[in-house]
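Here is what each chain is made of, one letter per residue.
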Amino acid sequence: MRIRILTIISFFLSLPALSFVENTTKGYPNCMACHISSTGGGILNNYGRSLSKELMSTWEGPNGFEKPGYGLLKNSEHVSLGGQYRTIQVKAENNKVDVEKQFEMQNNIEFAFKYMDAFLVGTIGTVEGPDETEDKDEFLSERHFVQLNLDSNIITRLGKFRQLFGINHPNHTRFTKSNLGFGSNSETYNLDLTKFFEWGEFNISTSLGEFTSSPEDDSKKRNFIVNFTHYLDGHSRLGTAVLTERTTSHKREALNLNLVHKLTSKIQIRSEFIYYTQQNIVNDKFNQQTNGTLGDHQIQYNLHKGINPYLIFEHAQSNLKDKESLITAPGLGLQFLPIPHFEIQAEYSRRISHADFSNPEHRSFLTLHLYH
């Protein structure tokens, strides 16, 4: 039972790290319009800060409210500042488990130093989570990397960050992220390169392992990922990604198809589907190959500026030959962005394991997120 509870809690530990992919439908398909990172997420540039105020928030606030610390600090040509603070209330229950907790999820500051065509980006913070979290309150740098603009359209990075595979949307607890190892605390040391075109982008990356881990803790994760995205009409993104990976426990290949699309001026969809094959390593030998699928599909309605209700449907099946391995999770939620750099999100989902169909698990969360 304790393992099951910790699994449920860990499900919530990697909720939004800032990256609002829905801004694609508002004419910003390229993530670098708002972020310093070449694949989006993390610290904002000054234009991204202004969009948080003018495009995304219900109330814009006074002049300068979009700046770091709500105007208390100011970015310069060579130094950008930011950070994340998140707290969460979670609940999960069915006939076998009943969990309800409130805790801080994230608390850090982020910086970016620019010198000529290069950036040094990093975070400084502490390990957060419920009381039983290993290494809680100890020092943590979630990511730190060097980014070099080889020219205006080619960017490379080296360091610790989460690799791009498909859509870089904020919720890394979705099946399409967490089930493939791109969920909570999945930042590794990587090398990547992104090439931008007027009509899209191309990204390749490879994992270099965990240089800071002891040999027994390093799973020797090695992979190679290719992402290709077409911007369509400038308000939509259609993409595909391919992953090949090997660790000390398995080898895996995966194909990702994804879409962010503006249906109407008020309605957007985000959809991601993954087909993968996997062989686990037992006693230094590969066992029989299994084929699985993962899916994350969301439709969002812009009720009012900064008020976005949505419907979500997820599914995961680890073995297509075994119907009982299927898990489905329909749900609904609300995203509220009342002022610049502040987000409130609530979501409920009904997770159904087809191996125990009559005992669905009811999951809900409420997060408060300050990306200052």
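All values reported here derive from a predicted model rather than from experimental measurement. (Residues numbered from 1 in each chain as written. Predicted model: local features only at pLDDT ≥ 70, side-chain atom pairs only at ≥ 80, totals over all residues. Heavy atoms only, no water.)

Novice: Explain the nonpolar core to me, and be specific about the residues and the numbers.
Specialist: In this structure, Phe165, Leu180, Ile274 and Leu294 are the most contacted members of the largest nonpolar core, which totals 13 residues. Those elements giving two or more residues to this core turn out to be β10 (237-246) and β12 (267-282). Core analysis: the second largest hydrophobic core is formed by seven residues, Ile36, Ala112, Phe119 and Phe161 among them. (Core = buried A, V, L, I, M, F, W, Y, C linked by side-chain atoms within 4.5 Å. Buried < 20%, exposed > 50% of the residue type's maximum accessible area, 1.4 Å probe, protein only. Helix = DSSP H or I, 4+ residues; strand = E, 2+ residues; numbered from the N terminus.)

Novice: Requested: an account of the pairing of strand β5 (residues 144-151), with residues and values cited.
Specialist: By the bridge criterion, five bridges tie strand β3 (residues 118-126) to β5 in an arrangement that is antiparallel. Across the sheet, the residue bridging to Ala118 is Leu148, located in β5. By the bridge criterion, seven bridges tie β5 to strand β6 (residues 154-161) in an arrangement that is antiparallel. Bridged to Phe145 within β6 is Gly159. (Pairing = 2+ DSSP bridges.)

Novice: If you had to explain the environment of Thr194 to someone new, which residues and values would you point to?
Specialist: Mapped onto the secondary structure, Thr194 falls in strand β7 (residues 188-197). Taking the C-alpha atoms as reference points, Thr194 and Glu245, separated by 51 residues in sequence, lie 20 Å from one another. Not counting residues up to four positions away in its chain, the partners in contact with Thr194 are Ser38, Thr39, Asn153, Ile154, Ile155, Phe202 and Asn203. Engagement of the side chain of Thr194 in a polar contact is seen with the side chain of Asn203, the distance being 2.8 Å. (Contact = heavy atoms within 4.5 Å. Polar contact = N/O pair within 3.5 Å; in protein donor to acceptor, adjacent residues only side chain to side chain.)

Novice: Report on the pairing of strand β2 (residues 98-115), specifying residues and quantitative values.
Specialist: Across 15 bridges, strand β1 (residues 79-93) lies against β2 in antiparallel orientation. Following the sheet pairing, Ser80 is matched in β2 by Ala112. Linking β1 back to β2 in an antiparallel pair, the connection comprises four residues. Of the strand pairs in this sheet, β2 and β3 are connected by eight bridges, and their pairing is antiparallel. Paired with Phe113 across the bridge in β3 is Leu120. Connecting the antiparallel pair β2 and β3 is a turn made up of two residues, with Met116 showing a positive phi of about 55 degrees.

Novice: Break down the confidence of the model for the protein for me, with residues and values.
Specialist: Per-residue confidence for the protein averages 88 on the pLDDT scale, and 91% of its residues sit at or above 70. A low-confidence stretch, residues 13-19 stays under pLDDT 50, and its non-local contacts, those more than four residues away or across chains, total 40 contacts. (pLDDT = per-residue confidence, 0-100.)

Novice: Outline the packing of aromatic side chains, supporting the account with residue identities and numerical values.
Specialist: Under the defined criterion, the tally for this structure stands at seven aromatic pairs. Plain terms: the ring middles of Phe65 and Tyr70 are 4.5 Å apart, the flat faces sit at 40 degrees to each other, and that makes the pair tilted. Summarising the aromatic geometry, the rings of Phe111 and Phe113 are spaced 5.2 Å apart at their centres and angled 35 degrees between planes, so their arrangement reads as tilted. Note on Phe111: relative accessible area 18%, which makes it buried. Classification of Phe113 as partly exposed rests on a relative accessible area of 40%. The rings of Phe197, Trp199 and Phe228 are connected pair by pair, giving a single aromatic cluster. Here the basic side chain of Arg157 rests over the ring of Phe145, its NZ or CZ set 5.1 Å away from the ring centre. We note Arg157 situated over the ring of Phe161; from NZ or CZ to the ring centre the distance is 3.9 Å. (Phe/Tyr/Trp six-rings, centres within 6.5 Å; stacked < 30°, edge-to-face > 60°. Lys NZ or Arg CZ within 6 Å of the ring centre and 35° of its normal.)

Novice: Can you explain the side chain of Glu245? Please cite residues and give values.
Specialist: You can see Glu245 is positioned in strand β10. The exposure class assigned to Glu245 is buried, which follows from its relative accessible area of 4%. Looking at Glu245, its side chain comes within polar contact range of the side chain of His250, at 2.9 Å. When near neighbours in sequence (up to four residues on either side) are disregarded, Glu245 contacts Lys221, Arg222, Asn223, His250, Lys251 and Arg252.

Novice: Report on the pattern of salt bridges, specifying residues and quantitative values.
Specialist: The final tally for this structure, using the stated rule, is 18 salt bridges. The salt bridge partner of Lys177 is Glu272, with a shortest N-O separation of 3.7 Å. Taken as a pair, Lys177 in helix α3 (residues 175-178) and Glu272 in strand β12 lie far apart in primary sequence, 95 residues in all. Between Arg363 and Glu361 there is a salt bridge, and its shortest N-O distance comes to 2.4 Å. Both residues of the pair, Arg363 and Glu361, belong to the buried class. (Salt bridge = Lys/Arg side-chain N within 4 Å of Asp/Glu carboxyl O.)

Novice: Help me get a handle on unusual backbone geometry, residues and values and all.
Specialist: With phi around 65 degrees, Asp135 is a residue other than glycine that occupies positive phi space. With respect to the secondary-structure elements, Asp135 resides in the loop between β3 and β4 (139-140). Look at Asp137: it is not a glycine, yet its phi comes out positive at around 75 degrees. If you trace the backbone, Asp137 turns up in the loop between β3 and β4. Classification of Asp137 by relative accessible area gives exposed; the value is 53%.

Novice: Which residues make up the side chain of Asp296, and what values go with them?
Specialist: Within the element layout of this structure, Asp296 appears in strand β14 (residues 290-301). We classify Asp296 as buried; its relative accessible area is 0%. For Asp296, the side chain forms a polar contact with the side chain of His169, separated by 3.2 Å. Not counting residues within four places of it along the chain, the set of residues in contact with Asp296 comprises His169, Arg174, Thr176, Arg270, Ser271, Glu272, Ile312, Phe313 and Glu314.

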